[in-house]
Protein chains: 2
Amino acid sequence: MTNSKNEGISRRELLIGAGYAAAGIAAASAVGSVSLPGTASAGKKATSVEGVEPWPYKKLDPDKIAEKAYHEWYGNFCSMAVAEAILGELREKVGGPYKDFPVHSIRWGHGGAVGWGTLCGTLMGAGTVAALVTGIETGESVANDLMYWYSVNSLPKYKPQDPKMDAPVTSRADSPLCHVSVNKWMTKAGYEFFTPERKDRCARVAADIARQTVVLLNQVQDLDYEPTHGNQMKTHDMTAQNNCLDCHSS
Amino acid sequence: MTNSKNEGISRRELLIGAGYAAAGIAAASAVGSVSLPGTASAGKKATSVEGVEPWPYKKLDPDKIAEKAYHEWYGNFCSMAVAEAILGELREKVGGPYKDFPVHSIRWGHGGAVGWGTLCGTLMGAGTVAALVTGIETGESVANDLMYWYSVNSLPKYKPQDPKMDAPVTSRADSPLCHVSVNKWMTKAGYEFFTPERKDRCARVAADIARQTVVLLNQVQDLDYEPTHGNQMKTHDMTAQNNCLDCHSS
């Protein structure tokens, strides 16, 4: 079940163009045949990403991937939990390029980038997976939609089949930032950062994001994906989140 | 000039252990021989990262890489600019695993993750490069040091050999967040987000981070790298930056 092709351009690639335009983000076309690693690096000219193609994909079971991400978290934390749950499954079901991808390269995203509390590591894992599976343009739309989904939903939602403990509460972050998301949960739940309960909450959030990523990847594969969230830069006239008053209330 | 080996453990791997302990971040040992892509994914057990080894490295010229990153920015923005400037050079000088690494997988980090203003994309590129070149543990120390360096230096510093325009001003972000960093520069420089001057500022910051990343990678290769910045989570009892009053002043 690899991409269906039509006159040398896959339908998923055509969807890419449409999705990207809908999200209002400008980028080079992802249609072509030259792979990036073979592209010469001129030094005074940007490397072309034309020809970067989505990797072959087989639809995955969102709940199975969520359960895997939950358990992966306990070994390698949030960023690699999401990436490895999905890419590890594709390594087995699809093989090919997934066999050589060094998933450990994004493990450092945990704690919002080695503990700096910036982008939630689950989203770093998800964004990288989306780029590999759906290519540059659709990948950015999927990442954008996932950051919005993360921000506006009360998490964690997923109930592990084999949980380490009960989950105390859910909370809405209104932000894709680790620091904001974790702090709102800690305040509501009444647990400090270095507690088993906070760790389990983050493992469940990894499950949620891995699950939702698979939901969107499956939609792309079915040609049923429509980008839903607009462009942050165009909305705010700069790069920004939507929870402005969390920081600018004074 | 690949890693020197001693009883099956490279000196760079030994340095990894020391550096990681110094940074106060807990992780599995990176010493071993099993590569991650071959590791079975059990589903209810985290994937082992034991055996993940640093990729072979040849020392690079920091100024050459900075110039490349500056020009790369104009094609693929911040995250890929840093990653491709370094990994593209290693693809040519070292080859091996660099030939297959899909650098486009982190292009979506631009604008603090497709425009959400979170982690500066230059640091997403740098952190990924550090993980590949120096392995999981030293990679996290290098990423941690780079985020601190980014936060406390007035940027951009680098003067391109072939600039697109003059650089108006430098500014200190006190944060690794794109939104904060760009906003402080815009306020000081008097330019809006969608201006050539702001874009050129970000291209120069990409050059700065690519350059500093190479400085640290060269130190690791020379066994001359000492982690300098402490652990954010231990300092703040949660994931956080150091510019607390930027958001919590009220």
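The structure reproduced in this document is the subject of the present report. From a predicted model like this one, the values you see are computed outputs, not experimental measurements.

1. Thoughts on the relation of the copies chain B and chain A
Its rotation angle being 180°, the transformation that places chain B on chain A also includes 0.0 Å of axial translation and leaves an RMSD of 0.0 Å. Such values leave the two copies arranged in the relation of a two-fold axis. Across chain B, the smallest distance between a C-alpha and the rotation axis is recorded for Cys247(B), namely 2.2 Å. Comparing interface residues between copies, 100% of those in chain B also lie at the interface in chain A; the contact surface is shared.

2. What about the layout of surface pockets?
Vacant regions in the atomic arrangement are exposed by a probe of water-molecule size rolled over the atoms. Size it by volume and the largest pocket reaches roughly 720 Å³. Lining the largest pocket are 31 residues, with Leu177(A), Val180(A), Cys247(A), Leu177(B) and Cys247(B) positioned closest to its centre. Those elements that provide at least two residues to the lining of the largest pocket are helix 4 (178-189) and helix 7 (244-248) of chain A together with helix 4 (178-189) and helix 7 (244-248) of chain B. Of the residues assigned to the lining of the largest pocket, the class counts are 13 nonpolar, 14 polar and four charged.

3. A few points about helix 2 (residues 62-93) of chain A
All names here are of chain A. The terminal C-alpha atoms of helix 2, which comprises 32 residues, lie only 15 Å apart, well short of the 46 Å expected from a rise of 1.5 Å per residue. Its axis deflected by about 130° at Phe 77, helix 2 carries its strongest bend there. Looking one or two residues beyond helix 2, the residue adopting positive phi is Gly 95, at roughly 75°.

4. Observations concerning the environment of Val142(B)
Among the structural elements, Val142(B) can be located in helix 3 (residues 121-152). Spatially, the C-alpha atoms of Val142(B) and Ala131(B) are 8.5 Å apart, while their sequence positions differ by 11 residues.

5. Focus: the interface of chain B and chain A
Each partner contributes residues to the interface: chain B has 84 residues there, and chain A has 84 residues. Summing both partners gives a buried area of about 7000 Å² for chain B against chain A, and 66% of it is carried by carbon and sulfur. The largest contributions to the chain B side of the interface with chain A come from His104(B), Trp108(B) and Trp116(B), which together make up 13% of the buried area. Joining chain B to chain A, the criterion identifies two salt bridges. Of the charged contacts, one joins Glu140(B) and Arg107(A) as a salt bridge, the two residues approaching to 3.2 Å between their closest N and O atoms. For the interface between chain B and chain A, the tally reads 16 residue pairs in polar contact (both at pLDDT 80 or more). Counting only elements with at least two residues in the side of chain B that touches chain A, the list comes to helix 2 (62-93), helix 3, helix 4, helix 6 (232-236) and helix 7 of chain B. Looking at which element gives the most residues to the side of chain B that touches chain A, the answer is helix 3 of chain B, with 13 residues.

6. As for the nonpolar core
Counting 134 residues, the largest nonpolar core has Ile86(A), Leu87(A), Trp108(A), Ile86(B), Leu87(B) and Trp108(B) as its most contacted members. Secondary-structure elements contributing two or more residues to this core are helix 2, helix 3 (121-152), helix 4 and helix 5 (196-221) of chain A together with helix 2, helix 3, helix 4 and helix 5 (196-221) of chain B. Every residue in contact with Ile86(B), bar those within four places of it in the chain, is listed here: Leu60(B), Ile65(B), Val129(B), Ala210(B), Thr213(B), Val214(B) and Leu217(B).

7. A short note on unusual backbone geometry
Across residues other than glycine, the phi torsion is negative in most instances, and most of the peptide bonds are trans. For the bond from Leu155(A) to Pro156(A), the omega torsion is 0°, close enough to zero to count as cis. The topology assignment puts Pro156(A) in the loop between strand 3 (154-155) and strand 4 (171-172). Its identity as a non-glycine residue notwithstanding, Asp174(B) has a phi of 60°, on the positive side. Mapped onto the secondary structure, Asp174(B) falls in the loop between strand 4 (171-172) and helix 4. What makes Asp174(B) partly exposed here is its relative accessible area of 29%. Residues other than glycine seldom take positive phi values, yet Leu223(B) does so here, at roughly 60°.

Rules used in this analysis
Residues numbered from 1 in each chain as written. Chains lettered and ligands numbered in written order. Predicted model: local features only at pLDDT ≥ 70, side-chain atom pairs only at ≥ 80, totals over all residues. Heavy atoms only, no water. Least-squares fit on C-alpha atoms with pLDDT ≥ 70 in both. Contact = heavy atoms within 4.5 Å. 1 Å grid on protein atoms, 1.4 Å probe; cavity = no way out; pocket = protein on both sides within 12 Å on 5 of 7 lines; lining within 4 Å. Points joined across faces, edges and corners; volume = space filled by probe spheres on them. Helix = DSSP H or I, 4+ residues; strand = E, 2+ residues; numbered from the N terminus. Nonpolar A, V, L, I, M, F, W, Y, C, P; charged D, E, K, R; others polar. Expected span 1.5 Å × (residues − 1). Bend = angle between axes of the 7 residues up to and from the residue. Buried area = accessible area lost by both parts, 1.4 Å probe. Salt bridge = Lys/Arg side-chain N within 4 Å of Asp/Glu carboxyl O. Polar contact = N/O pair within 3.5 Å; in protein donor to acceptor, adjacent residues only side chain to side chain. Core = buried A, V, L, I, M, F, W, Y, C linked by side-chain atoms within 4.5 Å. Buried < 20%, exposed > 50% of the residue type's maximum accessible area, 1.4 Å probe, protein only.

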